[in-house]
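Reading the structure
The primary structure of each chain is shown beneath.
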Amino acid sequence: MAESDRSPLKRFVVAKKKISTIFDQLLEYITEGADFVEGTYRNTELEQIATEQQALVIRGYTKKLGVISEVLARNHMKVAFFGRTSNGKSSVVNAMLWDRVLPSGIGHTTNCFLSVEGTDGDKAYLMTEGSDEKKSVKTVNQLAHALHMDEELDAGCLVRVFWPKTKCALLRDDLVLVDSPGTDVTTELDSWIDKFCLDADVFVLVANSESTLMNTEKHFFHKVNERLSKPNIFILNNRWDASASEPEYMEDVRKQHTDRCINFLVDELKVVEREQALNRIFFVSAKEVLNSRMQRAQGMPEAGGALSEGFEARLQEFQCFERTFEECISQSAVKTKFEQHTIRAKQITETVKRIMDDINIQAADKRINSLKERDDKVDQLDYVRSQLGLLTEDIKGKIKAVTEEVETKVSSAMTDEICRLSGLVDEFYSDFHPSPQVLELYKNALHKHIEEGMGRNLADRCSNAVNASVQNSQQNMIENLKPLLPSSVQCQLHMLIPCRKFDLSYDLNFSSLCTDFQENIEFRFSLGWTSLVNRFLGPKNAHRALLLMESSAQIPRPLATTSSAPNIHALTQENVSQEEIMFSIGTGLASLTSKSSMTVVIVTGVVWRTIGWRLIAASFSLYGLLYLYEKLTWTTRAKERAFKQQFVDYATKKLQMVVRFTSANCSHQVQQEMATTFARLCQQVDLTQKNLSEEISRLTMKIDQLDAVQHHSKTLRHKATGLETELDSFIKQYLQPQQ
């Protein structure tokens with residue numbers, strides 16, 4: 001067991017385990033890398049960082065590495081034994097296995113290819129080509145019987161013999177030994193080579209030392225040499241124990257065989273250098289070695305029994321062959337089985353490193369650009385917010401100034417128009433008649449005429465100036481807020497906020513304003529008592545005075561003080577100090593009237609005596625003629641003039657009451673118009689701020705993703721570097737020539 005543990009074959013087992021571990025790690029790494037690259041490629045926020053081609057390349061590596069891992073798991077060292085029939089190929093295999101595994105000896109010839117490999121089970125079995133049936137084999141005789149009884153087997157078929165590893169140490173180290181039919185039994189050498197030789201690590205030509213190398217043997221290995229580059233070939237000159245009968249010729253025969261074998265390996269095949277050729281040629285007796293080893297396995301001395309002279313030398317040479325063979329096949333198998341896979345693994349890791357470097361560079365560039373873009377967006381958002389605050393205060397001040405200007409302008413214009421109201425009323429012409437129905441129609445038409453006329457005059461005086469001021473202010477708003485908007489919105493600003501003509505609505509509503517107007521177009525003599533009182537006291541005070549006089553004339557004098565007290569108290573409750581003054585005047589006139597009869601008699605007597613009756617008669621005649629003239633001239637036209645004058649007086653007072661309200665209403669309209677425009681602009685600015693905030697959030701998320709991509713790509717690159725280090729270590733330890 002100790003000898004087996006020191007066997008060079010262990011090198012292949014350890015190397016296989018190590019390279020398999022590396023490839024498992026590489027497959028896991030490539031799977032992770034493929035998921036990463038594919039995820040990066042499919043991320044729409046990270047366009048042009050990873051390409052579809054990169055994702056396909058790495059994904060393709062996962063399939064290739066999976067296949068390589070399966071191949072590595074099945075890989076084993078393989079030695080193929082060739083030679084003419086009955087040269088002892090099976091005996092050599094059995095001797096190396098320290099047991100009679102394959103049928104050999106007289107009466108047993110190998111009629112097909114037999115491979116012997118280890119099994120972890122404790123029972124031997126065989127499997128024929130094209131069948132998965134495991135046929136149990138307990139003894140060599142059963143194996144020989146099974147081979148000869150199967151009529152379907154021919155020289156080109158393979159039978160796999162699985163022998164328990166516990167019974168044979170050589171099979172514990174992933175070594176497969178292939179026995180073959182004689183090279184002289186078939187002409188289908190090419191198919192043999194294609195089927196059984198292309199994956200062989202070592203070829204053993206078993207020759208008969210009692211004869212020379214035959215052309216059939218040379219021809220076969222020439223074909224092998226054509227298909228494989230410098231195959232490892234050992235030549236065993238078997239049955240060397242026959243030379244013991246002629247010791248005097250032993251050295252000459254050995255030299256003759258050695259020279260021919262060297263010429264064949266060096267000059268014909270050119271597979272080794274001349275100084276190395278001696279290490280590939282051995283003179284042995286496989287039958288002797290097998291017998292001695294089986295005796296040793298049974299606890300008997302190795303040299304016991306009938307052995308020819310020189311057995312110890314031949315045994316040592318066979319052992320030398322085994323050591324040389326094991327060293328050769330171990331190195332060769334490691335190289336042939338693992339070298340190309342190792343090179344391919346390094347190519348894969350190098351490609352993946354380049355891909356990760358490209359992704360890292362692209363992510364770094366994108367991150368720098370995104371950081372710069374985010375900083376620009378943040379600066380732009382801060383600028384928009386600060387400027388919007390400043391402009392809001394400034395525009396509010398401008399709106400206030402414009403509205404105050406409009407209020408002043410409308411108030412002034414309306415005051416002027418009130419002063420010109422009589423002219424506007426005089427311009428009205430319509431059918432007039434004192435009947436209530438006609439008067440109502442007349443008043444409605446007059447209301448409409450005045451409302452339209454004053455509205456038109458106010459519009460002529462104010463609307464153009466106000467519209468120009470509003471449009472100028474709106475344009476200033478747009479120009480001030482325009483820099484805060486993106487260029488795409490600036491180009492469409494005239495569509496979003498159209499500049500339209502602004503028309504003030506004065507809304508005088510004359511019908512409601514003068515709804516309580518009551519005209520008085522009854523005839524009144526200009527020198528009559530009522531007219532004189534109106535002329536001296538004014539219409540309002542005269543009306544009150546006349547009412548007091550009527551009440552005083554109807555009530556006796558002694559009761560005037562007491563009976564009139566409620567009326568006086570009522571008047572004092574309704575009016576203030578001015579009303580009290582007028583009440584005193586009315587009381588005096590009432591007192592005077594109560595003595596009128598006496599006064600008329602006295603005055604008439606005095607005048608009569610002073611100026612005479614003729615002058616009095618003339619005065620009364622003139623007074624009567626004047627009354628008659630006025631009565632005759634009180635026509636419909638005169639009534640219309642009186643109506644218009646009364647209406648002008650009434651409407652003037654009413655309009656003066658609503659001047660402030662109308663001007664405030666107009667200024668409110670202007671304020672609403674400008675505020676609406678500003679609100680629309682602010683809405684666009686708010687939308688811009690929202691878009692900037694969303695863009696900043698998107699860029700922040702993108703930067704985080706790019707950071708993650710950079711970190712992951714660096715991590716994967718470091719892993720690739722680690723795998724490369726392990727591959728380099730494997731190459732240095734197992735694939736490079738040992739110094």
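What you see is a predicted model, and the numbers here were worked out from it, not measured in a lab. Here the residue index of a chain counts from 1 through its sequence in written order. It should be noted that, the model being predicted, local features are given only for residues of pLDDT at least 70 and side-chain atom pairs only at 80 or more, the latter also being counted only at that level, while totals for whole chains, interfaces and linings use all residues. The side-chain quantities take in all heavy atoms of the structure and omit both hydrogens and water.

Focus on the overall build of the chain
Operational definition: Helix and strand definitions follow DSSP, with helices as H or I runs of at least four residues and strands as E runs of at least two, each counted in order from the N terminus. Residue contacts are counted whenever heavy atoms from the two residues lie within 4.5 Å of one another. Only the protein chains shown count as covering a residue, and every accessible area follows the Shrake-Rupley method with a 1.4 Å probe.
A count of helical and extended segments in the chain gives 24 helices and nine strands. Summarising the internal contacts of the chain: among those between residues at least 6 apart in sequence, 83% fall at separations of at least 24. Carbon and sulfur atoms make up 53% of the accessible area of the chain, which amounts to about 40300 Å² in all.

What about the environment of Glu-317?
Applicable threshold: By the criterion applied in these results, polar contacts are pairs of N or O atoms within 3.5 Å in which, for protein atoms, one can donate a hydrogen and the other can accept it, and in which residues neighboring in sequence qualify only through two side-chain atoms.
Inspection of the secondary structure puts Glu-317 in helix α11 (residues 311–419). Sequence separation of Glu-317 and Ile-281 is 36 residues, and the distance between their C-alpha atoms is 10.0 Å. Not counting residues within four places of it along the chain, the set of residues in contact with Glu-317 comprises Arg-254, Ile-281, Phe-282, Phe-283 and Val-284. A distance of 3.0 Å separates polar atoms of two side chains, one belonging to Glu-317 and the other to Arg-254.

Focus: the side chain of Glu-417
Our working rule: Only protein chains enter the area calculation, which uses a 1.4 Å probe; residues under 20% of their type maximum are buried, those over 50% are exposed, and those in between are partly exposed.
As for its position among the elements, Glu-417 is in helix α11. On the accessibility criterion, Glu-417 (5% relative accessible area) is buried. Once residues within four sequence positions are removed from consideration, Glu-417 is found in contact with Met-454, Asn-457, Leu-458 and Arg-461.

Here we look at the pairing of strand β5 (residues 158–164)
We count it as follows: When DSSP locates at least two bridges between a pair of strands, those strands are taken to pair.
Burial analysis of β5 places five of its seven residues in the buried class, the great majority of the element. Alignment of strand β2 (residues 113–119) against β5, held across seven bridges, turns out to be parallel. Bridge pairing in β5 places Gly-118 opposite Trp-163.

Digging into the sheet that holds β5
In space, the nine strands of this open sheet follow the order β4-β3-β5-β2-β6-β1-β7-β8-β9, with mixed pairing throughout. This sheet does not close on itself; its edge strands, each paired only once, are β4 (135–136) and β9 (281–283). Pairing geometry for strand β3 (residues 125–128) and β5, over four bridges, is antiparallel. Each residue of the ladder has a partner; that of Met-127, found in β5, is Arg-160.

Let's talk about the pairing of strand β7 (residues 202–208)
Keep this limit in mind: Whether a crossover is right-handed depends on one test, that the path from the first strand over the helix to the second runs clockwise when the strands point away from the viewer.
Across the seven residues of β7, seven count as buried, placing the element largely inside the fold. Residues Val-202, Val-204, Val-206 and Asn-208 line one face of β7 and the alternating positions Phe-203, Leu-205 and Ala-207 line the opposite face, and both faces are buried. Pairing of strand β1 (residues 77–82) with β7 involves four bridges; the strand directions are parallel. For Val-79, the partnering residue across the bridge sits in β7 and is Val-202. In this structure, β7 lies alongside strand β8 (residues 232–238), joined through seven bridges in parallel fashion. By the bridge assignment for β8, Val-206 is matched with Leu-236. For the handedness criterion, the β-α-β arrangement of β7, helix α7 (residues 215–227) and β8 is classed as right-handed.

Digging into the packing of aromatic side chains
Just so we agree on the cut-off: For Phe, Tyr and Trp, rings pair up if their centres lie within 6.5 Å, where Trp contributes its six-membered ring, and each pair is then called stacked (planes under 30 degrees apart), edge-to-face (over 60) or tilted (otherwise). Whether a charge sits over a ring comes down to the Lys NZ or Arg CZ being within 6 Å of the ring centre and within 35 degrees of the ring normal.
For the structure on display, the rule yields 20 aromatic pairs. The interplanar angle of 85° and the centroid separation of 5.3 Å between the aromatic rings of Phe-220 and Phe-221 together place this pair among those described as edge-to-face. Like Phe-220, the residue Phe-221 is buried in the burial classification. Geometrically, the ring pair formed by Phe-234 and Phe-282 is stacked, given 6.4 Å between the ring centres and 20° between the ring planes. With Phe-234 in strand β8 and Phe-282 in strand β9, the pair connects residues that are 48 residues apart, well separated along the chain. Like Phe-282, Phe-234 is buried. A network of ring pairs unites the aromatic residues Phe-82, Phe-113, Phe-203, Phe-220 and Phe-221 as a single cluster. Between the NZ or CZ atom of Lys-167 and the centre of the ring of Trp-163, over which it lies, the distance is 5.7 Å. For Lys-644, the ring lying beneath its charged end belongs to Tyr-429, and the centroid distance is 5.5 Å.

Quick word on the packing of helix α4 (residues 89–97) against helix α10 (residues 286–297)
Keep this limit in mind: Only the stretch in contact is used when fitting a helix axis, every axis being a line fitted to C-alpha atoms; angles between N-to-C directions are given from 0 to 180 degrees. Two helices cross in a left-handed way if the nearer one is turned anticlockwise from the farther one by less than a right angle. They cross in a right-handed way if the turn is clockwise. Throughout, the ten residues Ala, Val, Leu, Ile, Met, Phe, Trp, Tyr, Cys and Pro are labelled nonpolar, Asp, Glu, Lys and Arg are labelled charged, and all others, Gly among them, are labelled polar.
It is the contact of α4 with α10, at a shortest axis distance of 8 Å, that shows an interaxial angle of 30°. Read as a crossing pair, α4 and α10 show a hand that is left-handed. Across from Ser-91, Val-92, Asn-94, Ala-95 and Met-96 in α4, the residues of α10 making contact are Ala-286, Val-289, Leu-290 and Arg-293. Residue classes in the contact of α4 with α10 are distributed as six nonpolar, two polar and one charged.

With respect to the confidence of the model for the chain
The test is simple: Per residue, pLDDT measures the predictor's confidence, with a range of 0 to 100.
Summary statistics for the chain give a mean pLDDT of 80 and a share of 81% for residues scoring 70 or more. For residues 1–5, every residue scores under 50 in pLDDT, and the model assigns this stretch five contacts once sequence neighbours within four places are set aside.

Remarks on the packing of α10 against α11
The condition that has to hold: In what follows, roughly perpendicular refers to angles from 65 to 115 degrees, roughly parallel to angles under 35, roughly antiparallel to angles over 145, and oblique to any angle outside these ranges.
At a closest axis distance of 10 Å, the pairing of α10 and α11 adopts a crossing angle of 90°. When the axes of α10 and α11 are compared, the pair comes out roughly perpendicular. Judged by residue contacts, Glu-288, Val-289, Ser-292 and Arg-293 of α10 engage Phe-311, Arg-314, Leu-315, Phe-318, Gln-319 and Glu-322 from α11. Classifying every residue of the contact of α10 with α11 by side-chain character gives four nonpolar, two polar and four charged.

Describing a nonpolar patch on the surface
Our working rule: For patch detection, residues must exceed 30% relative accessible area and be free of salt bridges, and they are connected within 9 Å for like charges or within 5 Å for nonpolar side chains (Val, Leu, Ile, Met, Phe, Trp, Tyr). Basic side-chain nitrogens of Lys or Arg form a salt bridge, by our definition, when they fall within 4 Å of a carboxyl oxygen of Asp or Glu.
A cluster of nonpolar residues, Leu-625, Leu-628 and Leu-632, forms a patch on the protein surface that exposes about 330 Å² of accessible area. Within the secondary structure, Leu-625 is located in helix α23 (residues 613–633).

Quick word on unusual backbone geometry
The phi angle at Trp-98 is positive, at roughly 60°, despite the residue not being glycine. Here Trp-98 lies in the loop between α4 and β2. For Asp-174, which is not glycine, the phi torsion reads 55° and is therefore positive. For Asp-174, a relative accessible area of 23% translates into the label partly exposed.

Observations concerning the pattern of salt bridges
According to the stated counting rule, one finds 31 salt bridges in the structure shown. Between Arg-42 and Glu-38 there is a salt bridge, and its shortest N-O distance comes to 3.4 Å. Highlighted residues: Arg-42 and Glu-38, both in helix α2 (residues 9–42), separated by four residues, approximately one helical turn. Note that Glu-640 and Arg-637 form a salt bridge whose closest N and O atoms lie 3.7 Å from each other. Of this pair, Glu-640 and Arg-637 both sit in helix α24 (residues 636–735), separated by three residues, roughly a single helical turn. Each of the salt bridges in this network shares a partner with another, and the network as a whole consists of Asp-35, Glu-38, Arg-42 and Arg-59.

Quick look at a negative patch on the surface
As a reminder of what qualifies: Under the counting rule used here, the positive set is Lys and Arg, the negative set is Asp and Glu, and His together with the chain ends is not counted. The atoms used to mark charge sites are NZ of Lys, CZ of Arg, CG of Asp and CD of Glu.
On the surface, a cluster of negative charge is made up of Glu-373, Asp-375, Asp-376, Asp-379 and Asp-382. In this fold, Glu-373 is placed in helix α11. For Glu-373, a relative accessible area of 32% puts it in the partly exposed group.

Focus: the side chain of His-447
Relative to the helices and strands, His-447 is located in helix α13 (residues 436–481). Setting aside residues no more than four positions away along its own chain, His-447 makes contact with Phe-510, Ser-511, Cys-514 and Phe-647.

Things to note about α11
So the rule is basically this: A helix's residues, less one, multiplied by 1.5 Å, set its expected span. Fitting axes to the seven residues ending at a residue and to the seven starting there, one defines the bend at that residue as the angle between these axes.
Relative to the 162 Å expected for 109 residues at 1.5 Å per residue, α11 spans 155 Å between its end C-alpha atoms, a close match to the ideal helical length. The largest bend in α11 comes to about 40°, at Phe-338.

Observations concerning the environment of Phe-221
By the element assignment, Phe-221 lies in helix α7. In this structure the C-alpha to C-alpha distance between Phe-221 and Phe-203, which are 18 residues apart in sequence, comes to 9.1 Å. With residues up to four places along the chain from it excluded, the contact list for Phe-221 reads Phe-82, Phe-203, Leu-205, Ile-233, Phe-264 and Leu-269.

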